[in-house]
Amino acid sequence: MKKENFGGRLGIIAATAGSAVGLGNLWGFPYRAGVNGGGTFVLLYILFAIALGFPVMLCEFIIGKNSNNKSVLKAFTEVKSKDNMDNSKFNISSYFAVATSFLILSFYGMIAGWSIDYLVKSINGGFGKFDVEYSSNYFEALTVSIPRSVGYHILFMVITIIVVSLGVKKGIEKISKIMMPMLIVIILILVGYGATTNGFNEAVSFLFKPSVMPSDGVQFGKVAVNAMGQAFFSLSLGSAAIMTYATYVDKKEDIVSISKQVIIADTMVALLAGLAIFPFVFSAGMKVAEGPGLIFVVLPVAFASMGYGDIIGVIFFLLVALAGFTSAISLLENISAPIVYKLNSRVKGVAIAGALVTIVGMGSQACFSFSVPFLEFIADNQLDQFDKLTAYLMPLVSFFVVIFIGYRADVDVIKSEFKNEKLAKMFLWYVRYVAPILIVTVFVSSIVGQ
Ligand code: TRP
């Protein structure tokens, strides 16, 4: 099969930022900031994005770009190694990375499906009747309703499958180049509107004023672990995403500056999402620590109580759905690419991977609707379990990624990505001695803190 590449730098940035910016920014970041006491979490999140996000992303880019257009499952052995070391064991990390994407997409598709339901609801009648009780009942009813929840899930997945099967340039890159600018415009409109509400000042200080001791019994260690998990998830790290896209990147592209730009874009969108959402929450006098239901349960009530709430509701859920799409596209590409290589057919590979992940995703739905005997081993909620499992897998994969670049890859491979040797040396030093220790520290404390 003829190998496809991205058309150019802009396409790479749009697709990679599209992968990173998703439900993690619009649903995960605000709800976690809310639960973890605000400012301290936000500050730690930014620090982790810089201190870990950047090196891990660049390492993934280097591996993918040097994999000689092979599938990510073979990427580690394709990169030129130091002293001809045998790196085949490192390829196991790629299998874990692809499995991580599979698990994430299985529940991601369902949550994105909910956002379509809310989009339809906001267009079709709006949230006029929503008070706190009505809103929680509505959400509850949606999660247990097979026709709605599964229906929208399937719809979402089918569109994703179609886009990915169109290919890297005609599908992924093209859609990302249209959707990403739309997304930025929409989020700026929402922040602009939020700034006119009387909850804006409170939102700003909640998000940007770190307290020395996080309040309300929230422990610092937990906040740090959550902030790191959020950074990995939000930047699509440790889940084959960057590595897979990097296999379509031309040798001449500057992946150091692309990584920087993607990290800045993703962090900006998360912060803007906070600035868009919390003013509504505060001005309607709602609870910030609502948890995963924040955007689905709390926001509609806020929209119901404010001027232009109906229009804002439509715009907001359109934003969530769009952001969900570009990330799901990336997740599905990661899962399909190895099958596409194997079968030598993009359409077949994507269809098989897409169908499988959609079916497994229905397990999450089943857990809401019935108590399924054979699924009892994952307690009664597959979504939560997969979410927790992937929160361990992402740092684990990232650990092997930085170890590989730090100790196994040929130093010239790294040097060739930097403009000057000093920077390359600093990066190598950091990747050898700092990044792995940081990952292990937070990883261990997350296990101990359970
Ligand atoms: N970054 C995505 C978000 O914020 C979620 C995600 C994690 C992801 N890993 C991924 C998306 C891999 C695409 C590929 O919503």
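Before any of the text, the structure's been laid out above.
This is a predicted model, so every value here is computed, not measured.

Some details on the overall build of the protein
Phase 1: Helix and strand content of the protein: 18 helices and zero strands.
Phase 2: What you see for the protein is a C-alpha radius of gyration of 21 Å, in line with the 22 Å of a compact globule of 450 residues.
Phase 3: Its C-alpha atoms give the protein principal-axis dimensions of about 65 × 50 × 45 Å.
Phase 4: Evaluated residue by residue, the protein yields a buried proportion of 60% over its 450 residues.
Phase 5: Working note: accessible area of the protein is about 18000 Å², and carbon and sulfur atoms make up 66% of it.
Phase 6: Here the protein contributes 33 positively and 27 negatively charged side chains, and the mean placements of these two sets differ by 9 Å.

Concerning the site of the ligand
Phase 1: Near the ligand lie 17 residues; those nearest to it are Ala-20, Gly-24, Tyr-108, Phe-233 and Ser-239.
Phase 2: Here Tyr-108 contributes a side-chain N or O atom positioned 2.5 Å from an oxygen atom of the ligand.
Phase 3: Within the complex, 100% of the 360 Å² of free accessible area of the ligand lies under protein.
Phase 4: For the shell around the ligand, the secondary-structure elements that each account for two or more residues are helix H1 (9-20), helix H2 (23-35), helix H5 (91-123), helix H10 (220-234) and helix H14 (309-343).

A closer look at the pattern of salt bridges
Phase 1: Tallying each qualifying case throughout the model produces 12 salt bridges.
Phase 2: For Lys-419, the salt bridge identified is with Asp-254, shortest N-O distance 3.3 Å. A residue pair is termed long-range when its members are at least 10 positions apart, and Lys-419 in the loop between helix H17 (411-415) and helix H18 (421-448) and Asp-254 in the loop between helix H11 (241-246) and helix H12 (255-283) qualify at 165 residues.
Phase 3: Salt bridges sharing partners connect three or more residues here, namely Lys-415, Glu-421 and Lys-425.

Here's the deal with the nonpolar core
Phase 1: Core analysis: the largest hydrophobic core is formed by 158 residues, its most contacted members being Phe-278 and Ile-405.
Phase 2: Sorting elements by how many residues they give to this core places H12 first, with 17 residues.
Phase 3: When neighbours within four sequence positions are excluded, Ile-405 is seen to be in contact with Cys-59, Ile-62, Ile-63, Ile-414, Phe-427, Leu-428 and Val-431.

Focus on H12
Phase 1: The end-to-end C-alpha distance of H12, which contains 29 residues, comes to 42 Å, matching closely the 42 Å that a straight helix rising 1.5 Å per residue would cover.
Phase 2: For H12, the buried fraction is high: 23 of the 29 residues fall into the buried class.
Phase 3: The backbone nitrogen of Val-256 has a side-chain oxygen 3.1 Å away, supplied by the residue at the start of H12, namely Asp-254.
Phase 4: In the segment just after H12, Gly-285 is the residue with positive phi, at about 65 degrees.

Quick word on the packing of aromatic side chains
Phase 1: With the rule as written, the count across this model stands at 37 aromatic pairs.
Phase 2: Here the aromatic rings of Phe-41 and Tyr-45 are separated by 6.4 Å at their centres, their planes lie at 10 degrees, and the arrangement is stacked. Highlighted residues: Phe-41 and Tyr-45, both in helix H3 (residues 39-65), separated by four residues, approximately one helical turn.
Phase 3: On the basis of relative accessible area, Tyr-45 is assigned to the buried category, the value being 0%.
Phase 4: Ring geometry for Phe-399 and Phe-400: centres 5.5 Å apart, planes at 80 degrees, overall edge-to-face.

Digging into the environment of Ile-116
Phase 1: When you line up the elements, Ile-116 lands in helix H5.
Phase 2: C-alpha of Ile-116 to C-alpha of Val-72: the two residues are 44 residues apart in sequence and 32 Å apart in space.

Here's the deal with H1
Phase 1: Its 12 residues give H1 an end-to-end C-alpha distance of 16 Å, which sits within 8% of 16 Å, the value for a rise of 1.5 Å per residue.
Phase 2: The buried fraction of H1 is high, at 10 of 12 residues.
Phase 3: Of all the residues in H1, the buried ones are Gly-11, Ile-12, Ile-13, Ala-14, Ala-15, Thr-16, Ala-17, Gly-18, Ser-19 and Ala-20.

Let's talk about a nonpolar patch on the surface
Phase 1: Nonpolar side chains collect at one region of the surface, where Ile-154, Val-158, Ile-162 and Leu-166 lie side by side and expose about 340 Å² of accessible area between them.
Phase 2: Here Leu-166 is to be found in the loop between helix H7 (146-165) and helix H8 (168-195).
Phase 3: A relative accessible area of 52% means that Leu-166 is categorised as exposed.

Remarks on unusual backbone geometry
Phase 1: Backbone geometry places Asn-84, a non-glycine residue, at a positive phi of 50 degrees.
Phase 2: With respect to the helices, strands and loops of the structure, Asn-84 is situated in the loop between helix H4 (75-78) and H5.
Phase 3: Relative accessible area serves as the criterion here: at 72%, Asn-84 is assigned to the exposed category.
Phase 4: Residues other than glycine seldom take positive phi values, yet Ala-240 does so here, at roughly 70 degrees.

Quick notes on the rules
Residues numbered from 1 in each chain as written. Predicted model: local features only at pLDDT ≥ 70, side-chain atom pairs only at ≥ 80, totals over all residues. Heavy atoms only, no water. Helix = DSSP H or I, 4+ residues; strand = E, 2+ residues; numbered from the N terminus. Rg over C-alpha atoms; globule rule 2.2 N^0.38 Å. Buried < 20%, exposed > 50% of the residue type's maximum accessible area, 1.4 Å probe, protein only. Areas by Shrake-Rupley, 256 points an atom, 1.4 Å probe, with all protein chains shown as cover. Lys, Arg positive; Asp, Glu negative; His and termini not counted. Charge placed at Lys NZ, Arg CZ, Asp CG, Glu CD. Near = heavy atom within 4 Å. Polar contact = N/O pair within 3.5 Å; in protein donor to acceptor, adjacent residues only side chain to side chain. Salt bridge = Lys/Arg side-chain N within 4 Å of Asp/Glu carboxyl O. Core = buried A, V, L, I, M, F, W, Y, C linked by side-chain atoms within 4.5 Å. Contact = heavy atoms within 4.5 Å. Expected span 1.5 Å × (residues − 1). Phe/Tyr/Trp six-rings, centres within 6.5 Å; stacked < 30°, edge-to-face > 60°. Patch = residues over 30% accessible without salt bridge, like charges linked within 9 Å, V, L, I, M, F, W, Y side chains within 5 Å.

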